[in-house]
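Descriptive analysis of the structure
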Amino acid sequence: MLSKIIAFAPLAGVLLAALSSAQVLVDFQVAEPPPVPTNAQTCTMMILERTFGNSYGDPEIVEYTPPTDCGAVGSWAAVTLNFTVTSNGTQYDRLGIFTFQNTEIWRTSTPEPTQDGIIWTYTKDVTRYIPLFAKYGSFILELDNVVTSDLNGQYATTLYATFYASSGENPTAGQSNMIVPISTMLNNTGNEASVPPAFSLNVTLPQNTVEIYAELYASGNGDEEFWYYNTADEYLGYLPPGTTYGGGPFREVRLLVDGQVAGVAFPYAVIFTGGINPSVWRPITSYGAIDLPTYFIDLTPFAPVFADGLPHNVTLDVASAEANHTLNQNWYVSGLMQVVTDPSGKPTTGKITTYDVQPYAITETTASIGGTDVNITVKAQRSLKIESTIVSGSGTTNNVVFQQNLDYANTQYYLDNTYTQNVAQTSSGSVTSTHNGVPVLIDNFDYPLNIDMTYLVFTDTEISFYTTFDHSYNRQVVPAPFILGSVINERQQTAGYFTISTTGNGGNGTSNNTFSYIDLKGNTYTRDVDAAYDVITYDQQSGSLVTTALPTFSWPSNSQSIPGARLPGGKESKVVGKP
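The structure reproduced in this document is the subject of the present report. Note that the structure is predicted; figures quoted are calculated from it, not measured.

1. So, the side chain of Glu215
Structurally, Glu215 is set in strand S14 (residues 209-220). Accessibility expressed as a relative area gives 2% for Glu215, which makes it buried. A distance of 2.8 Å separates polar atoms of two side chains, one belonging to Glu215 and the other to Arg128. Polar side-chain contacts of Glu215 include one of 2.8 Å to the side chain of Thr294.

2. Brief notes about the pattern of salt bridges
Per the counting criterion, the structure on display carries 14 salt bridges. One salt bridge in this structure joins Arg254 and Asp317, with 2.7 Å as the shortest N-O distance. Pair noted here: Arg254 is in strand S15 (residues 252-257) and Asp317 is in strand S18 (residues 312-319), with a separation of 63 residues, a long-range link. Here Asp443 makes a salt bridge to Arg475, at a shortest N to O gap of 2.7 Å. Of this pair, Asp443 sits in strand S25 (residues 438-446) while Arg475 sits in strand S27 (residues 462-478), and the two are 32 residues apart along the sequence. Since its relative accessible area comes to 4%, Asp443 is described here as buried. The class for Arg475 is buried, based on a relative accessible area of 4%. Put simply, Arg50, Asp58 and Glu60 are held in one network by salt bridges that share partners.

3. Observations regarding the pairing of S18
For a regular strand, side chains alternate in direction, first toward one face of the sheet and then toward the other. Counting buried positions along S18 gives 7 out of 8 residues, so the element sits mostly inside the fold. Examined bridge by bridge, S15 and S18 share 6 bridges and lie antiparallel to one another. Paired with Arg254 across the bridge in S18 is Asp317.

4. Examining the sheet that holds strand S9 (residues 137-143)
Read from one edge of the open sheet, 4 strands run S4-S9-S6-S7, paired in antiparallel fashion. The outermost strands of the open sheet, each flanked by one partner alone, are strand S4 (60-64) and strand S7 (103-109). Across this sheet, the average inter-strand angle for adjacent strands is 15°, counted without regard to direction. As paired strands, strand S6 (residues 95-100) and S7 are joined by 6 bridges and run antiparallel to one another. If you follow Phe98 over to S7, its bridge partner there is Trp106.

5. What about the packing of aromatic side chains?
All told, the structure shown has 33 aromatic pairs when counted by the stated rule. Between Phe83 and Trp106, the aromatic rings sit 5.9 Å apart at their centres with planes inclined by 75°, giving edge-to-face as the arrangement. Taken as a pair, Phe83 in strand S5 (residues 78-87) and Trp106 in strand S7 lie far apart in primary sequence, 23 residues in all. Exposure class is identical for Phe83 and Trp106. Each is buried.

6. A short note on the layout of surface pockets
In this structure, the largest pocket occupies an estimated 1,000 Å³ of space. Taken together, 43 residues line the largest pocket, and the ones lying closest to its centre are Pro35, Asp125, Arg128, Leu484 and Tyr517. Elements that contribute at least two residues to the lining of the largest pocket include exactly strand S8 (118-125), S27 and strand S28 (486-501). Element by element, the count of residues in the lining of the largest pocket is highest for S8, at 4 residues. The class makeup of the residues in the lining of the largest pocket is 23 nonpolar, 12 polar and 8 charged.

7. As for the state of the cysteines
As enumerated under the stated definition, the model contains 1 disulfide in all. Between the sulfur atoms of Cys43 and its disulfide mate Cys70 the distance is 1.9 Å. Between Cys43 and Cys70 the sulfur-sulfur dihedral comes to about 105°; the bridge is accordingly right-handed. Taken as a pair, Cys43 in strand S3 (residues 42-52) and Cys70 in the loop between S4 and S5 lie far apart in primary sequence, 27 residues in all.

8. Quick word on unusual backbone geometry
Cis geometry marks the peptide bond from Pro196 to Pro197, where omega comes out at 0°. Residues Gln329 and Asn330 are joined by a peptide bond in cis, for which omega reads 0°. Following the sequence through the fold, Asn330 ends up in the loop between S18 and strand S19 (331-341). At Asp258, a position not held by glycine, the phi torsion is positive, near 50°. You can see Asp258 is positioned in the loop between S15 and strand S16 (260-265). Of note, Thr418 is a non-glycine position whose phi angle comes to about 70°, a positive value. Examined against the element boundaries, Thr418 turns out to sit in the loop between strand S23 (397-415) and strand S24 (420-435).

9. Structural notes on the nonpolar core
Ranked by size, the top nonpolar core spans 106 residues in total, and within it Tyr228, Tyr229, Leu255, Leu299, Met337 and Phe465 carry the most contacts. A per-element tally of this core places strand S22 (residues 373-391) first, with 7 residues. Not counting chain neighbours up to four residues away, the residues in contact with Phe465 comprise Ile276, Asn277, Met453, Thr454, Tyr455, Leu456, Gly496, Tyr497, Phe498, Ile500, Ala565 and Leu567. Of all hydrophobic cores here, the second largest spans 40 residues; its members include Trp76, Phe98, Tyr122 and Phe163.

10. What about the sheet that holds S15?
Reading across from one edge, S13-S18-S15-S16 is the order of the 4 strands in this open sheet, with antiparallel pairing throughout. What marks the edges here is a single partner per strand, and that holds for strand S13 (199-203) and S16. Neighbour to neighbour, the strand axes of the sheet diverge by 20° on average, direction disregarded.

About the thresholds
Residues numbered from 1 in each chain as written. Predicted model: local features only at pLDDT ≥ 70, side-chain atom pairs only at ≥ 80, totals over all residues. Heavy atoms only, no water. Helix = DSSP H or I, 4+ residues; strand = E, 2+ residues; numbered from the N terminus. Buried < 20%, exposed > 50% of the residue type's maximum accessible area, 1.4 Å probe, protein only. Polar contact = N/O pair within 3.5 Å; in protein donor to acceptor, adjacent residues only side chain to side chain. Salt bridge = Lys/Arg side-chain N within 4 Å of Asp/Glu carboxyl O. Pairing = 2+ DSSP bridges. Axes fitted to C-alpha atoms, helices over the stretch in contact; angles between N-to-C directions. Phe/Tyr/Trp six-rings, centres within 6.5 Å; stacked < 30°, edge-to-face > 60°. 1 Å grid on protein atoms, 1.4 Å probe; cavity = no way out; pocket = protein on both sides within 12 Å on 5 of 7 lines; lining within 4 Å. Points joined across faces, edges and corners; volume = space filled by probe spheres on them. Nonpolar A, V, L, I, M, F, W, Y, C, P; charged D, E, K, R; others polar. Disulfide = S-S within 2.5 Å. Core = buried A, V, L, I, M, F, W, Y, C linked by side-chain atoms within 4.5 Å. Contact = heavy atoms within 4.5 Å.

Okay, here's the thing in structure tokens:
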């Protein structure tokens with residue numbers, strides 16, 4: 001059983017003590033503070049505390065007990081998680097996955113440490129997962145880290161949960177009746193699945209299920225980390241060996257029920273802090289690196305299918321624009337279903353009346369090849385429409401219409417014998433679901449990504465390059481009628497140099513960030529923040545959610561502490577003797 005506390009405990013002791021007398025770099029992802037009540041009774045408990053050294057295959061597993069002194073269990077107005085991490089030394093960024101009750105509730109990654117040390121704190125709104133927090137169960141943090149003589153950084157972590165008591169002024173948060181995981185259901189590690197191949201499991205839902213809202217987690221890893229740089233197979237041979245991976249740049253995350261596509265997601269390109277040019281992600285990470293976005297699908301049209309009370313096959317996979325739709329290794333995927341049941345307890349009836357869905361997106365690949373230049377364009381388009389009539393056990397009829405219209409284009413410019421490698425990608429779409437004509441799920445998004453990368457030196461002992469990034473996350477989302485909807489507009493522009501060499505790695509960079517948030521309750525937050533050479537140079541916030549400004553520290557560059565950057569096609573491995 002977890003003991004309740006009323007204030008944050010100290011950070012994991014050993015590393016914090018080591019960092020206390022040094023100039024610590026404060027890393028952060030630009031994001032809104034959680035829209036939680038400011039005048040509610042709160043209860044805070046520590047969920048876990050762990051230093052992740054050689055932790056590959058060794059997650060932290062704790063048993064959770066709901067608090068009982070912030071009102072009735074499950075009646076809370078809000079719940080947040082606060083994750084604080086310190087580290088120093090040399091280490092790659094690592095993926096972190098929080099699994100609760102066999103359900104992934106947060107995917108994150110670590111900024112890369114410095115010799116003097118780093119610290120970051122992120123507070124995440126997990127109110128939509130109250131049905132999980134209202135039950136006893138296992139809480140797992142999987143953070144696979146490897147410590148060697150060259151990579152000596154460890155990650156000292158603490159995680160707290162804060163519960164906000166409901167009242168007349170702060171009512172109980174809207175929630176589903178149950179949350180059902182789409183996961184590996186393992187109890188000794190994170191519950192994400194690696195694809196390909198496709199991941200499937202059988203799911204049985206209550207016969208009185210009347211609404212189902214799915215949430216998907218998905219991110220590229222390994223040869224798929226820079227999926228937007230992967231080149232269509234038919235043109236890969238026009239590039240020098242080792243330039244990049246094949247499989248093309250288009251990726252579509254698919255959710256299937258009994259082999260039928262129920263909905264898809266065009267993913268946002270999260271760039272982790274060790275990706276391409278680490279110097280431009282200090283101290284401001286790329287958007288999504290500490291809190292990866294998730295994707296929402298209305299599965300309610302399939303409620304009559306699940307209402308027979310029998311197991312039904314639910315599948316997650318990722319498809320490309322290649323002829324066989326295959327891709328490289330690997331993507332990590334998982335999901336969950338927010339299930340709403342009818343209070344009568346009687347079985348739901350109805351049927352799917354329209355199913356206008358193709359198995360895969362419509363794609364087109366073209367190229368322009370001449371002299372020392374190779375330009376390749378991949379386009380994709382996806383439209384689907386599923387309609388269903390659902391009759392609850394109480395006799396209420398719900399006419400559901402779920403539609404997705406998504407567009408994608410990616411052009412890769414390999415110029416000057418690939419010394420210049422640029423990407424211009426756009427991904428946009430409109431997702432809507434109406435119940436009896438009333439919108440209950442909305443997801444309108446636009447994710448432009450432009451990367452310019454020029455190699456200045458490329459030898460067996462040194463790779464030096466210059467990059468610029470222009471990356472935006474523009475999204476209007478209402479995940480479900482009981483989950484707070486919001487509009488986020490975020491743009492990050494960076495520029496910098498980086499060198500990978502046998503004598504040490506280093507670089508410098510600048511970052512300009514503009515962020516705005518507004519939600520359906522009228523909460524607002526904006527932030528304009530810039531950094532240069534690891535120092536915050538401008539920082540302005542406004543809006544109803546503003547809290548105290550983040551602390552900033554200057555940091556003397558120590559290039560020897562930086563591990564080699566990960567590059568498209570694994571080009572960093574070309575440098576002999578790199579750490």
